[in-house]
Amino acid sequence: MSAPPLKLLATGAAIAVAALFSLLMLDIAVEGLHGLLATALPKTTTTTADEGGVFAALLSTVSISVLALLTSLPVALGCAWLGVETLARRPRVGTALRRSLDVASATPSIAIGLVGWTLFSNSFGLGFSLLAGALTLSLMIAPLMASAFLAGIDALPAALRAQSLGLGVSRWNTFWRLLLPSCRPAIAAGIVLALGRATAETACLILTSGISTRWPESMGDPGATLAVHVYHLARNVPDGEPRAYSAALLLVVVNALVQVVLARLRLGGPR
Amino acid sequence: MPRLASLLLAGLGLLAALAAPAVAMFLLWRAFPLIGDGHLLRLVDDEWFPGEGKFGLLPLVVGTASTAGLALLLAVPIGLLSAVWVRFYAGPRRARLAEMSLGVIAGMPSVVFGLFGTFWIVPALGASLASAALVLAMMVVPSFALFALAALRQVPEGLLRDGQALGLHKSRVIRHLALRTAQPGLIGAATLALARALGEALAVEMVAGNVPNFPDSLLAPVRTLTTTLVQEFEYAHGAHAGALHLVALAVVALASMLVTLAFKLGHGQIHAAPEAA
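Here the structure is a predicted model, which is why all the values come from computation and not from measurement.

A separate point is the overall build of chain A. Looking only at helices and strands, chain A has 12 helices and 0 strands in total. Projected onto its principal axes, the C-alpha coordinates of chain A cover approximately 75 × 70 × 30 Å. The 271 residues of chain A split such that 51% are buried. Considering only residue pairs separated by 6 or more positions, chain A has 77% of its internal contacts joining residues 24 or more positions apart. With the model as given, the accessible surface of chain A reaches about 12000 Å², and the carbon-plus-sulfur share is 68%. The centroid of the 18 positive side-chain charges in chain A is displaced by 19 Å from the centroid of its 12 negative side-chain charges.

In this section: the confidence of the model for chain A. Residue and element names in this part refer to chain A. Looking at chain A, the pLDDT average stands at 88 and 92% of residues meet or exceed 70. At the low end of the mean pLDDT range in chain A sits helix α2 (residues 48–51), at 47; at the high end sits helix α5 (residues 109–123), at 95. This stretch, residues 42–49, has a pLDDT under 50; its non-local contacts, to residues over four places away or in other chains, come to 6 contacts.

Judged by nonpolar contacts, the single largest core of 160 residues is most densely connected at Phe175(A), Leu27(B) and Phe113(B). For this core, the element with the most residues is helix α7 (residues 129–153) of chain B, which contributes 15 residues. When residues no more than four places from it in sequence are discounted, the contact partners of Phe175(A) are Leu77(A), Ala80(A), Trp81(A), Val84(A), Ile153(A), Leu180(A), Pro181(A) and Leu9(B). Counting 6 residues, the second-largest nonpolar core is a separate cluster that includes Leu144(A), Val192(A), Leu193(A) and Val258(A).

For the rest of this paragraph, the subject is the environment of Trp48(B). On the secondary structure map, Trp48(B) appears in strand β1 (residues 48–49). Of the polar contacts made by the side chain of Trp48(B), one reaches the side chain of Glu232(B); its length is 3.1 Å.

The rules behind these values
- Residues numbered from 1 in each chain as written.
- Chains lettered and ligands numbered in written order.
- Predicted model: local features only at pLDDT ≥ 70, side-chain atom pairs only at ≥ 80, totals over all residues.
- Heavy atoms only, no water.
- Helix = DSSP H or I, 4+ residues; strand = E, 2+ residues; numbered from the N terminus.
- Buried < 20%, exposed > 50% of the residue type's maximum accessible area, 1.4 Å probe, protein only.
- Contact = heavy atoms within 4.5 Å.
- Areas by Shrake-Rupley, 256 points an atom, 1.4 Å probe, with all protein chains shown as cover.
- Lys, Arg positive; Asp, Glu negative; His and termini not counted.
- Charge placed at Lys NZ, Arg CZ, Asp CG, Glu CD.
- pLDDT = per-residue confidence, 0-100.
- Core = buried A, V, L, I, M, F, W, Y, C linked by side-chain atoms within 4.5 Å.
- Polar contact = N/O pair within 3.5 Å; in protein donor to acceptor, adjacent residues only side chain to side chain.

Here it is, written out as structure tokens:
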């Protein structure tokens, strides 16, 4: 008796994976649409707080993501500058920096959430707020973005920088006018990657921006993002299933759009 | 002169460059209420009852190890076989479609997997170790398959053709040449998947049952290190807060060790984050 041929096993595994994830997507699509229709019908008289749920969550998601991206971008650019300069002079420090960014990008977000909760929410007195959430999130996505930027710069021909400096262009101008524009697709990919993380994140936000479904009035108000909203409805709200699914459908659509943009950027970029 | 500006930029950059060590130092500092009191030994205990000052980490560690380990046991064979299919059997068009879909699913929010688990897996298996492992396995399969695929793509085409020229059957070429050559990258990929499974909090919390004891069967509820943070952060004070920060530090330390190991093992075959989440 011989083992089943590899081709059969591999094809079987691929079909199983495809079937499982198709089921997942189909489930979200069907139940999500069903939930959206059910909650949109006027006969369901729920409280305003619950009614605004998904849209308030959408607003919270956009506010937190945008603020986190805005605060992360200068930090990530600074880190790219630091990486280019240290690597040019001290390769070992440059390598250590890249390693540190890799580790930071892989740090479990719940741990970053706890840091954000203790530092921003309590010590800085921000409590559960969009601002605390965005700051915590940027602690997570800035290293990720910086890592993507540096990967883009590292992929450029090594002589590029040396030639520019040799022509008498300052290091500052070489960085801003030559290196960064030359790897524009990688910069864009880094930003979109960070945006994908921001919209998908739950663990670090549940500890900092909270699970409130009310309409946030300012950055000082708490507000659940779509992902947190899905968690809260599925976990804590009795009969929250239809609304959890409708929020999940929105979340998946937003996230898939980000992923598709990312994939196109990556395919178009220099490899 | 942009001298001041460049200093400012470098200063901003340091924030990201030092994020990882800063997070670890901060957690260590905040764990001091526990460590400083000489309570460290209390952590090596099999009871986690913060209300009674019992901070035994063992059940949580066992919960994390069993859920993540079991998830890996499920995800690695399936993910590896899928990667083999994409690389060697699918043909270019289906391979592209498969890779694109895996990318989209790998970037999906983990809470979506938790939701699916809550309404599809928990009704069958209960809130249990098995449910948590299945949800985690689903979550890590796409990114593991992508990493494995990247490692398989690095195997030199010439080597495979040599094998075929020697008259080896395709499945032998794959098993003895491709998988063997890609082995470091594949192990690196599995290590990254383990790091991701260890660190996941909410998707597990939704389906694991969250009882801090030692699971005696696959259907018993479990509590992990990360889910404890979700459940207790809001009302923890004093030694309890210290214990939670120590738990977070443990998770961070484990994850960063695994990630460093993955990059060492998969030298040149593993690149940071080909997937989005």
